[in-house]
Amino acid sequence: MADSVEEYRAALQDCPPGHPDRSMTFNNLAISLRNRFLQQGDPADLDEAIELLRAALLLRHPGHPDRSMFLNNLAISLRNRFQQRGVSSESDLDEAIELHRAALLLYPPGHSDRIMSLSNLANTLRDRFQQRSVLSDLVETTELYRAALSLRPPGHPDRFKYLNNLAISLQDLFQQGGVQSDLDEAIELHQTALSLCSLGDPNRSMSLNNLALGFRTRFEQRGIPSDLDETIELQKAALLLRPPGNSHRSMSLDNLANSLRDRFMQRGVPSDLDEAIKLHRAALSLRPPGDLDRSKSLNNLAICLRDRSHHRGVPSDLDEAIELHQAALLLRPTGHPLRSTSLNNLAVSFRDRFQKRCVLSDLDETIELHRAILSLRPPGHYDRSTSLNNLAMSLRDRFHHRGVPSDLDEVIELNLEALFLRPPGHSERSMSLNNLAISLGDRFHKRGIPSDLDEAIEHHRAALCNRHPGHPDRYMSLNNLAINLRDRFQQRGALSESDLDEAIELHRAALLLYPPGHSDRSTSLNNLAMSLQDRFPHSGIPSDLDEAIELHRTALSLHPPGHYHRSTSLDKLAIGLRDRFKQRGVQSDLDEAFKLHLKLSYLTHAASREDLNAAKSWATSAEEMNHGSALVAYKTALQFLDQHVALLPSPSRNFDVVREAISSLASDAFSCGLRRGALTTAVELVEQGRAMFWTQLARFRTPLDELSTSGAAGEALAAEFIQLGALLRNTFDESTEDKSSQIRQPAVQWDDVVFRIRMCPDFSRFLLPPLFSDLQKAAAGGPVIIVNASRYGCDALIILSAQDPVHVPLDIAQAEVSELSSEFQSLAKRFGTSDHRLELLNIVGILRKLWFRIVSPIVEALKKFIQLESDSRIWWCPTAEFTLLPLHAAGPYAIKSQNLSQICISSYTPTLATLVRARQRAPRDAFEQHFVAIGQGNPDRGKELRCVAPELAAVAQRLSPVTSFTSLQDTDATVQGAFDALHHNQWLHLACHGMPNRQQPFESSFAMRDGPLMIKNIIRSDWQNSEFAFLSACHTTVGDEKSPDESIHLAAAMQFSGFRSVIGSMWSVDDGVAHQVVSAFYNNLVDGSGTLDCTRAAMALHEAVKSLRKKIPLEQQIVFVHIGI
C-alpha cells in the first residue's frame, strides 16, 4: 500500500498543472491514501485524500464524462471521515449527501452505474438518520433502496444484497412509525434473501441473523410466541456457521442471548436466562478492552444479570450489573451515540436496587441519570418518548417514597408528552396510556378529584384494548384497570358495586398471567385480596375473606425482610386477620395479626412513607382492639416519621408532605402513654413527634464543645459535623427548587459523621430522641405543663424538676377543644372592629371555659406539689388545638376570684427540648451585651405604623444608659440591615408589621423597608449567643392552623435561631397599645443594678400588663406572650 501511494505521488510530479491526466492522478493518489487509511487508521491519510479529491473535482467541470465518478469518490471519503469522527464531523455527512445527489443526477435511468449511486446516497442518508433521527431521511433511504432493488430482478447475482438493504430499512421505518405492513414486508424480503443463500453461502449466517431480527421485532410488537421460537432457531443456526475464530461470532452470541432473554421474560423458564448469561459472558470474552463493541457486551450481560437478580433475589447479580453498566458508560463518553442508552440501563439498575434495598441515594441517582438522558433526546428524537416515560416512572417511585406533590405533577406532564409522541397505531401507545392512567390514579388518591379517576379508567380500558390475549403486557393492564375500578367503588359505594365485581374478575385474569416466579406476582395477589376484602362487608360471603387472607399470606412470603413492600404486606395480612377475628372471634387470628404488626419494628432500611403508613395502621388497630402493643406501635411510627422527614430534600419545600405524615400521631401517642400509665414514655413520644422541622434544624446546630476538646480526633469530627450542618441547614428551606441531587452526598456524609460521633465515649445517644431524664431538665425553673388534645381523650401532664410527672385528666373532648379554638380564632379576627362590650363578653366567656374545663384542674393539681405565689413561674407546652388558645389568660373573671395571671406568671415553650437548650446555654457577661432596636413604620407593603418611632425612642431612653445600644429605623431598617445588626447584637427589639402566611408558613415575615424578612431567611442565620427578642408586631406566634404542633411562626423561628427568650403576639396588636406595653416592659426589665437578664422577661411582661390593666382593652392585655426561659 505504501508503494502504491509513493508511486502515485511520483506520477503526480509528472503531471503539472494543465496536464490532461492531472485530475485522474489526483484521484488515484486519493483512492490509494483512503485505502491506506482504511487499513492503518491514520486520519492524516484520509484528510489528504479528501483535499486531493476536491482538487480533482475542480478539474472535472460540469459536463465532463468523469465528473460523476469524482463526485462519488469525494462523497465516499467524506462519509468515511464522518464514520471515524462522529458528531465533530457532521458537516462531512451533509456534504457527502449533497455530492451523492449530484452524482445521481448524472446517472439517469438506464445508466449501468445508477444502482451504485442509488445505494451510496441511501447508505449516507441512513447514517444521517441514525445520527439525527430525522424521519424524512429514513423514508428517502427506503425509497432509494426500493429503486435499487428494482434494478436487480430475480436471478441477478446481486439481488440478495438489495433485498437485505431494503428489508433493514423497512424494519427501521417500522420502529419509527409502527406501521405493521413495513415489518411484514421486511420479513418477507429477508425470507426471500435467505432462500437465495445455499448452505455453503458465506452470506447465509448474516441472512439467518437478519431474518431472526425481523421475527424478534414482530414478537416484541405482537407477542406471538411462535415468532420468538423461530427467532431463536434461526440464531442458533447462524451461530453454528460462526465457529470460534469467526469475526462475527461475538455478534451471534449476543443476538441469541438477547432472544433467549426475551423468551425468559415471556415464559419464565430459568434455563433460558442462565443460557443467555453464559452466552453474553462468552461474547464479552471475545471483546477485550479496546474493542469497539465491548461496551455493548458489558451492557447486555448487565441487563441479564439484573433480570436474574430481579427473579431470584441474588444481590450479587444486581451489584455486578451496576458495575458492568458503569464500565459501559465509561466507554461511551459525552457525544457517543449510545451514551443515552448506557445512562438508561444504569438508571434502571439503580432503580431496581432501590426497590430491593430502599437506599434513597439509588433512587436520586436514577432520577439524575434519567434527566441526563432526556437532555440527550431533544424534541424530535425518536427515543424521546421512552426517556420521558422512564423519568416519569422514577419520579413516581420518589413520590410514593416521600409524597412530594411536585414529583407527581411532573410525572403527569412527562406522561402526557410521551403519549402525544405515541399516536394511535404506535407500538408503545398502550404503555403510555397505562402510565398516564396510573399517574392520574395517584393524583386522585392525593387530591380526591373524581374526574382524574374516571379519566384513568378510560385510559386503562384503551390500553387493555391494545393488549390482546397473548400480549406480554396484558396482565399489567388487567391489574391496573381493576385497581382503579376498585378505587371508584370505594369512592361511590353501593352506586358502583359492578365496578368491584369487574375489578375482582380482572384481578383473577391478571393473576393467571403472573405465574409463580414472576416478579410482580405478589402485587397481583395483594390486589385481588384487597378487592375481595372490600366485597366481604357487602356480600357477607365468608369465603371472600378467607381467600383474601390466604392471598395476602402468599404475597407476604414473596416479600422477605428488607423488601420495599414488606411493611404493606404485613399490614394487609394483619388487617385481614383482624377483620376475621371481629367476625368469628377466633383468638388465634388476632394474636397472629399483632405478631405480624410487631415485625414492623425490625425494619432494616430507612423508613419510607409506605413503612410509616403501615406503622400508623398498626397503632390504629392496637387502639381499636385495646391491644398491649399500642405503645410499641407508636414508638415505631414515630421512629419511622423521624427518618421520613430527615430524608426529605428541603423539608420546608415539602411542608404538605410532613403535615400529612405527622397528622395527630404525637398527640395520640402521648394519650396512649398516659392511658397505659407510662407517663415518662408519653413525654418522650410527644417530644419526638412535634416540631419536626425545628428538631431537624436544631440537630444541624448542636454544639460540640465537649467533643472538640476531647482530642485531635474529636476536634476533627466536630469540625466536619459543623461544616456539613451549615451546608444542610442552608438547603433546608429551599422553597422553589428541588436540591436533592446537590445535597445527596452531604447527607450521606452527615449520617456517617453522626455514626462516628456516636462511637465516641459519652456520645452514644448523640442526636437520638431525648430520654425523659434529659427532658425533665426543662422544669428547672418551674413546672412545665403539657396540655394535649387527642381523639382518645384530653389530658395535662405536669413535669416537675425532681418528681415523677403528674397526670391530670381533663373533662373535655377534642371536638370541644377544637370548637373552642375555632370560636376564639374567629373572635380574634374581629378584635377592635365590633361592639366593644359584646366583644368583651365573648372573650370573657371563652376565658372562663378555659379556666373551668382546663386550667383550674391543672392549678389545683399543681398546688398539691408546689406553693404557687404571684411571682411563681409555670410553662405551658400545648399540643394540637390547645396551641391556638390563650391558656395564660384563663380565669373565672369574677369578683373575689383570681385569674391565672394573679396566681402565677405564665410562659410558653413549643417543646421541652427547646426549653432545655435555652437553659443549658450560659448567658454572656453583662459588658458583652449589645442591644439593637429595629423599627419599620413605613414598609414596602402595609399601612404606616405611627407609633414605631416613639416606641423605639422609649426603648432607647431606658436602655442606652445601661448597655451598648443601636437603633435602626426607616431607610436603615432593611432586610440586610437587620441581618447585619443581629450578627453583632444579642438583644433585639423589633417594631414593625408581622405578616403571617398560613398557606406557606415558612414565608411568614417581618415587613422591612425593602421587602419581607421571612422565616426561611431567619433559619439560615448564624447569630451567636442571642439572648432576647421582643417582637412588637402582629401575629408573631401564629402558625399553620392545620399543623399547629409544628409551631412554624415568627416567634418560634427567632427562638430556634438562638434567642433564649422571646416575646410575641397571638393576634393583632394596636400600634398605640404596643408603645405603652413596651415602655412599661423595659421599665420592669432593667433591675436596680442596670444589668440585662433575659430570665426577667416573663416577669417584666407580667408587671407591664398588670400596670396597664385599667388603661388598655382586655384583648390587648393578653395579646403578648412570653416564650422561653
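Presented here is a report on the structure given in the accompanying data block. Here the structure is a predicted model, which is why all the values come from computation and not from measurement.

### Some thoughts on the overall build of the protein
Assigned secondary structure in the protein consists of 48 helices and 14 strands. In terms of overall dimensions, the protein has C-alpha extents of about 125 × 80 × 60 Å along its principal axes. The 1125 residues of the protein split such that 56% are buried. Look at the contacts in the protein between residues 6 or more apart in sequence, and 68% of them connect residues 24 or more apart. Accessible area of the protein: about 46100 Å², with a carbon and sulfur share of 52%.

### Some thoughts on the pattern of salt bridges
Within this structure, the stated rule accounts for 69 salt bridges. R36 is the salt-bridge partner of D45, the closest N and O atoms lying 2.8 Å from each other. According to the relative accessible area criterion, D45 is buried, its value standing at 5%. Salt bridges here are not isolated pairs; linked through shared partners, they connect E90, D94, R128, R132 and D137.

### Notes on the pairing of strand β13 (residues 1061-1065)
For β13, a buried count of five out of five residues is recorded, marking the element as mostly surrounded by other parts of the structure. Alignment of strand β12 (residues 1028-1032) against β13, held across three bridges, turns out to be parallel. Opposite A1029, over in β13, you have V1062 as the bridge partner. Note that β13 and strand β14 (residues 1120-1124) share five bridges and pair antiparallel.

### Structural notes on the packing of helix α2 (residues 22-40) against helix α3 (residues 43-58)
Put simply, α2 and α3 touch, their axes get as near as 8 Å, and they point 160° apart. Taken together, the axes of α2 and α3 are roughly antiparallel relative to one another. As α2 packs across α3, the resulting crossing turns out to be left-handed. Seen from α2, the contacting residues are S23, F26, N27, L29, A30, L33, R34, R36 and F37; seen from α3, they are P43, D45, L46, E48, A49, L52, L53, A55 and A56. Residue composition of the contact of α2 with α3, grouped by class: twelve nonpolar, two polar and four charged.

### Concerning the side chain of H401
Note on placement: H401 falls in helix α18 (residues 384-402). For H401, the residues in contact, after removing those within four places along its chain, are F354, L360, Y564, A607, S608, R609 and H644.

### A few points about the pairing of strand β10 (residues 1005-1008)
Neither face of β10 is open: one carries S1005 and A1007, the other F1006 and M1008, and all of them are buried. Inspection of the sheet shows strand β9 (residues 994-995) paired to β10 by two bridges, in the antiparallel sense. The residue bridging G994 from the neighbouring strand is F1006, located in β10. Relative to strand β11 (residues 1011-1014), β10 is paired through four bridges, and the arrangement is antiparallel. Within β11, the residue paired with S1005 across the bridge is M1014. Linking β10 to β11, which pair antiparallel, is a turn of two residues.

### So, the sheet that holds β9
With antiparallel pairing, three strands are arranged side by side in an open sheet as β9-β10-β11. Only two strands of the sheet have a single partner each, and these edge strands are β9 and β11. Sheet contacts for helix α43 (residues 975-982): β10 and β11; angle to β11, the most-contacted strand, approximately 35°.

### A closer look at unusual backbone geometry
Of note, S133 is a non-glycine position whose phi angle comes to about 60°, a positive value. With respect to the helices and strands, the residue S133 is situated in the loop between α6 (114-132) and α7 (135-150). One non-glycine residue with positive phi stands out, namely D762, at about 70°. Position of D762 relative to the elements: it lies in the loop between α36 (740-758) and α37 (772-775).

### Re the side chain of S667
For S667, the location among the structural elements is in helix α31 (residues 665-675). Look past the residues within four positions of S667 in its chain and what remains in contact with it is N788, A789, S790, T879, A880 and D1045.

### So, the packing of helix α13 (residues 270-285) against helix α14 (residues 294-312)
Where α13 meets α14, the closest approach of the two axes is 9 Å, and the angle between their N-to-C directions is 155°. One element, α13, and the other, α14, form an angle in the roughly antiparallel class. Considering how the two elements wind past one another, α13 and α14 form a crossing that is left-handed. Residues P270, L273, D274, A276, I277, H280, R281, A283 and L284 of α13 pack against R294, S297, L298, N300, L301, C304, L305, D307, R308 and R312 of α14. Residue composition of the contact of α13 with α14, by class: ten nonpolar, three polar and six charged.

### Side note on helix α22 (residues 474-492)
Taking 1.5 Å of rise per residue, the 19 residues of α22 would be expected to cover 27 Å, and the 27 Å separating its terminal C-alpha atoms lies within 8% of that figure. Across the 19 residues of α22, 14 count as buried, placing the element largely inside the fold. Looking one or two residues past α22, G493 carries a phi angle of roughly 65°, positive in sign.

### Digging into the nonpolar core
In terms of nonpolar packing, the biggest core is built from 157 residues, with I858, F1006 and F1081 touching the most fellow members. The element contributing the most residues to this core is helix α39 (residues 836-863), with twelve residues.

Cut-off values and rules
- Residues numbered from 1 in each chain as written.
- Predicted model: local features only at pLDDT ≥ 70, side-chain atom pairs only at ≥ 80, totals over all residues.
- Heavy atoms only, no water.
- Helix = DSSP H or I, 4+ residues; strand = E, 2+ residues; numbered from the N terminus.
- Buried < 20%, exposed > 50% of the residue type's maximum accessible area, 1.4 Å probe, protein only.
- Contact = heavy atoms within 4.5 Å.
- Areas by Shrake-Rupley, 256 points an atom, 1.4 Å probe, with all protein chains shown as cover.
- Salt bridge = Lys/Arg side-chain N within 4 Å of Asp/Glu carboxyl O.
- Pairing = 2+ DSSP bridges.
- Axes fitted to C-alpha atoms, helices over the stretch in contact; angles between N-to-C directions.
- Parallel < 35°, antiparallel > 145°, perpendicular 65-115°, else oblique.
- Left-handed = near helix turned anticlockwise from the far one by under 90°.
- Nonpolar A, V, L, I, M, F, W, Y, C, P; charged D, E, K, R; others polar.
- Expected span 1.5 Å × (residues − 1).
- Core = buried A, V, L, I, M, F, W, Y, C linked by side-chain atoms within 4.5 Å.

Everything listed here is a matter of geometry and, on its own, says nothing about what the molecule does.
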